[in-house]
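Structure assessment
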Amino acid sequence: MAPAPAPAPARAPGGRRRGSAAPPAAPAPPLPRSHEAAPAVQIRPGRSRRMRREEPPVPRLGTGGSPRRLPPPLPQPRAGVSPGGARSRLGPARSAGRPAASPGRPESSGARGVSGGGWRAETARLGDAAPGMAAPGPRQRGQSCPCPGLRTRLPVLRWLPRYSLAWLQLDLIAGLTVGLTVVPQALAYAEVAGLPLQYGLYSSFMGCFVYCFLGTAKDVTLGPTAIMSLLVSSYAFHEPVYAILLAFLSGCIQLAMGLLHLGFLLDFISSPVIKGFTSAASITISFNQVKNILGLQGIPRQFFLQVYETLRRIGETRAGDAVLGLACLAALAGLRVMKSRLPRAAPAEPLAVRASYLIVWTSATACNALVVLFAGLVAYSFQVMGSQPLTLTGSIPQGLPAFRLPRFSVAAPNGTVPFWSMVEDMGVGLAVVPLMGLLETVAIAKAFASQNDYRIDPNQELLAMGFANILGSFVSSYPITGSFGRTAVNAQSGVCTPAGGLVTGTLVLLSLAYLTSLFYYIPKAALAAVIISAVVPMFDAGIFRTLWRVKRLDLVPLCVTFLLCFWEVQYGIVAGVLVSGILLLYSIARPPIKVSEGDALLVQPGSSLHFPAIEYLRDVVCSRALAAASPSRSIVLDCCHISSIDYTVVVGLAELQQELRKHGLSLAFCSLQDPVLQVLLSADLEGFQHFPSWEEAERCGGAEPGGSGAAPFASTSESSLLPAGLIQ
């Protein structure tokens, strides 16, 4: 690299490229650097930088005669940095010429205004180098990154150098809004998991901190969710020690999957299985909270027993809990409908109109916190008056959890349960919990990345999830995952970077340190209303009608998963995955095969051939070739749809060829792709003949028994379908 030049006059509007000399002083304004001599835009051999423009720049003059700024061929300083090198206070969106969102009025998509101008533009400029994150900062403009692997594993280094005050304002608003949502939800989800309520708060802050440094999606928030809480209640047996150890082991599995790039395993969980599980979980979780709405005690947790006991004891309903619970449900539903129909205030509207919009929007977004606060005030009022018709949450330990390793054994009345016994007790949960957590997080991240025009790195998401669960177990957290509801609130609040999670996590820590004494007065009916309003939208009634119209066979794994999840969640998920796998294997073992009669019998498989399908192919060919009244003397196997075969298929084709030869028939191949042709040539099949196309095979009359007939391609290294050197 050429040494840095001495201080020179101000930069041209386009910015100076590396290694270019300072322009000579002149009375007239200097021309842009892109108009210098040709050597300044040449590409040196061996350079790996991507050029923004391949063609030489053409001068464009503005109305005043001064040249406009043109993008130089080499990368410019990033958006948000002025030509003189100082960072713009307006942020990347303003400096790039986009209008920035008002801090007082969040954008609906979460990626517009300031957030979208920087995040999307940076992602588009980086291309494949950094999915979903930012480019090198101004200090790296003249030098390469000393440790590119560190930037890959720490996505925070991609956006932190270009952080601005405008981003900070919107991240603060989004973080506070999500914090007001997560605190009541954390208390409620701990109830779903069957754990003391403080464990919901213990699980709500570490994921926010870890994801800020390791996550690749600006909108995603990690923490307890309804689905994960339901799984924890099934595999942790309502014991905090088991739940914390489950978080640690799940994090280790997720971390290993991220390091080994095993995220593709999630693709084997089909959409009907996911829909069946989430719909059943919605009903299960909602009905599990009915007992708190009605104020009933001693209701079992097994779904069918729960339904029976609730209906049998419905006469024991406490009027105070029922009235408050139904009122909270109505308030939450009304606030959500109001938010969905709230017209957006235009910037030209009067200040009073915009302020009213902001108040209503904030109230509707933080509806969970408002409803819980209102219910707590009602309960406190009854407590002051000396009568309490409501069932309260009760005392919650105050203070932050201790930072320590999870316990690998647990005391029991008859001794100590060792680590391996605890692992055996959790059983299949060690596979279901990490996989479902990863599936939920990656699906949410992909959905919001597509909506807000940036990209994520799935394997990096696995690492972030793994570290979040491992470190969370050190502060008594149970397994966490991405929350769709809080992620939507985060995006709608106009979050710009994952730094909004720092604000959310800090708010949870402050609640643990100073507000737990106030949680005593929160009625359980209010928390139950929060849970029900959060999980009811998860039930997708339209999926049954959609699958009936699109592909009815997919209703089988959907219904199997849906029904068995009411018995046990793990049975439903495992059974649904097995049924989906059987359907997938059946389609591989019985591919569609088209048979056409003519001068030769044309057999055309509709997909690749794998070992389960070769016997089916042999049966189809033999039944059609030998059953005809005047059978064709040649059979042509059209392989245009076959991209790969294995050894068992090669053996089956050789046996098919021998069987046809015994009946005076021949077998030829056409439209072979290079990988398939290479395998067949390497197998050295006796009498192997192939044609470039079906038309050529028909014109030549196919292959004759014993290998004679018209001149097909020879099974030697002179084949024109493979490059020389591929055939040994």
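Residues numbered from 1 in each chain as written. Predicted model: local features only at pLDDT ≥ 70, side-chain atom pairs only at ≥ 80, totals over all residues. Heavy atoms only, no water.

Looking now at the overall build of the chain. Along the chain, the regular secondary structure elements total 28 helices and 9 strands. Intrachain contacts of the chain at a sequence separation of at least 6 include 73% that bridge at least 24 residues. Taken as a whole, the chain presents about 34000 Å² of accessible surface, with 63% of it coming from carbon and sulfur. (Helix = DSSP H or I, 4+ residues; strand = E, 2+ residues; numbered from the N terminus. Contact = heavy atoms within 4.5 Å. Areas by Shrake-Rupley, 256 points an atom, 1.4 Å probe, with all protein chains shown as cover.)

For Ala683, the position within the fold is in helix 27 (residues 674–683). A relative accessible area of 35% means that Ala683 is categorised as partly exposed. Sequence separation between Ala683 and Val651 is 32 residues; the distance between their C-alpha atoms is 8.9 Å. (Buried < 20%, exposed > 50% of the residue type's maximum accessible area, 1.4 Å probe, protein only.)

Before going further, it helps to examine helix 5 (residues 165–193). A rise of 1.5 Å per residue sets the reference length of helix 5, with its 29 residues, at 42 Å; its end C-alpha atoms lie 40 Å apart and thus fit the reference within 8%. At Ala186, helix 5 shows its largest kink, close to 25°. By the criterion of burial, helix 5 is predominantly enclosed, with 22 of the 29 residues buried. Once helix 5 ends, the next one or two residues include Gly194, with phi positive near 75°. (Expected span 1.5 Å × (residues − 1). Bend = angle between axes of the 7 residues up to and from the residue.)

The phi angle at Asp453 is positive, at roughly 65°, despite the residue not being glycine. Look at Asp684: it is not a glycine, yet its phi comes out positive at around 55°.

What follows covers the packing of aromatic side chains. Enumeration over the complete set of coordinates arrives at 19 aromatic pairs. Centre to centre, the rings of Tyr163 and Trp167 are 6.0 Å apart; their planes meet at 85°, and the pair counts as edge-to-face. Comparing Tyr163 with Trp167, the two get one shared label, buried. Here a set of aromatic residues connected by ring pairs shows up, and it is made of Phe287, Phe303, Phe304, Phe544, Phe562 and Phe566. (Phe/Tyr/Trp six-rings, centres within 6.5 Å; stacked < 30°, edge-to-face > 60°.)

A word on the side chain of Ser511. On the secondary structure map, Ser511 appears in helix 20 (residues 500–515). Setting aside residues up to four positions removed in sequence, Ser511 forms contacts with Val183, Thr516 and Phe519.

On to the pattern of salt bridges, then. Under the counting rule described, the total for this entry stands at 9 salt bridges. Two residues, Asp219 and Lys218, come together in a salt bridge whose shortest N-O distance is 3.0 Å. Neither Asp219 nor Lys218 differs from the other in exposure class; each is buried. For Glu659, the salt bridge is made with Arg618, and the minimal N-O distance between the two is 3.4 Å. Of this pair, Glu659 sits in helix 26 (residues 647–662) while Arg618 is found in helix 25 (residues 614–627), placing the two residues 41 residues apart along the sequence. Accessibility expressed as a relative area gives 14% for Arg618, which makes it buried. (Salt bridge = Lys/Arg side-chain N within 4 Å of Asp/Glu carboxyl O.)

Further remarks concern the nonpolar core. Among the nonpolar cores identified, the biggest contains 106 residues, and Leu187, Leu201, Leu231, Val232, Phe277 and Ile285 are the most heavily contacted of them. It is helix 17 (residues 429–451) that provides the largest number of residues to this core, a total of 11 residues. Beyond its immediate stretch of four places on either side in the chain, Val232 contacts Ala193, Leu195, Phe237, Ala243, Leu246, Tyr478 and Pro479. Within the second largest apolar cluster, 33 residues are counted, among which are Val649, Leu653, Leu681 and Leu685. (Core = buried A, V, L, I, M, F, W, Y, C linked by side-chain atoms within 4.5 Å.)

Packing of helix 5 against helix 21 (residues 524–535) brings their axes to within 9 Å, and their N-to-C directions diverge by 90°. On the basis of their axis angle, the class for helix 5 and helix 21 is roughly perpendicular. Contacts between helix 5 and helix 21 involve Pro184, Gln185, Leu187, Ala188, Tyr189 and Val192 from the first element and Leu527, Val530, Ile531 and Ala534 from the second. (Axes fitted to C-alpha atoms, helices over the stretch in contact; angles between N-to-C directions. Parallel < 35°, antiparallel > 145°, perpendicular 65-115°, else oblique.)

Taking 1.5 Å as the rise per residue, helix 18 (residues 458–473) with 16 residues should run 22 Å; its terminal C-alpha atoms sit 23 Å apart, in good agreement. Counting buried positions along helix 18 yields 13 of 16 residues, so the element is predominantly enclosed.

Taken together, the side chains of Phe264, Leu265, Phe268 and Leu584 make up a nonpolar region of the molecular surface, amounting to roughly 390 Å² of accessible area. Take Phe268: it is sitting in the loop between helix 9 (240–259) and helix 10 (271–288). (Patch = residues over 30% accessible without salt bridge, like charges linked within 9 Å, V, L, I, M, F, W, Y side chains within 5 Å.)

The space that makes up the second largest pocket amounts to roughly 1100 Å³. Forming the walls of the second largest pocket are 39 residues, and the residues nearest its centre are Phe484, Gly485, Ala534, Pro537 and Met538. Partitioning the lining of the second largest pocket into residue classes produces 21 nonpolar, 12 polar and 6 charged. (1 Å grid on protein atoms, 1.4 Å probe; cavity = no way out; pocket = protein on both sides within 12 Å on 5 of 7 lines; lining within 4 Å. Points joined across faces, edges and corners; volume = space filled by probe spheres on them. Nonpolar A, V, L, I, M, F, W, Y, C, P; charged D, E, K, R; others polar.)

With that settled, consider the pairing of strand 7 (residues 634–638). Among the 5 residues in strand 7, 5 count as buried, and that is most of the element. Because side chains alternate across strand 7, one face comprises the buried residues Ser634, Val636 and Asp638, and the other comprises Ile635 and Leu637, equally buried. Note that strand 7 and strand 8 (residues 666–670) share 5 bridges and pair parallel. Bridged to Ile635 within strand 8 is Leu667. Considered for its hand, the β-α-β crossover made up of strand 7, helix 26 and strand 8 is right-handed. (Pairing = 2+ DSSP bridges. Right-handed = clockwise from strand over helix to strand, strands pointing away.)

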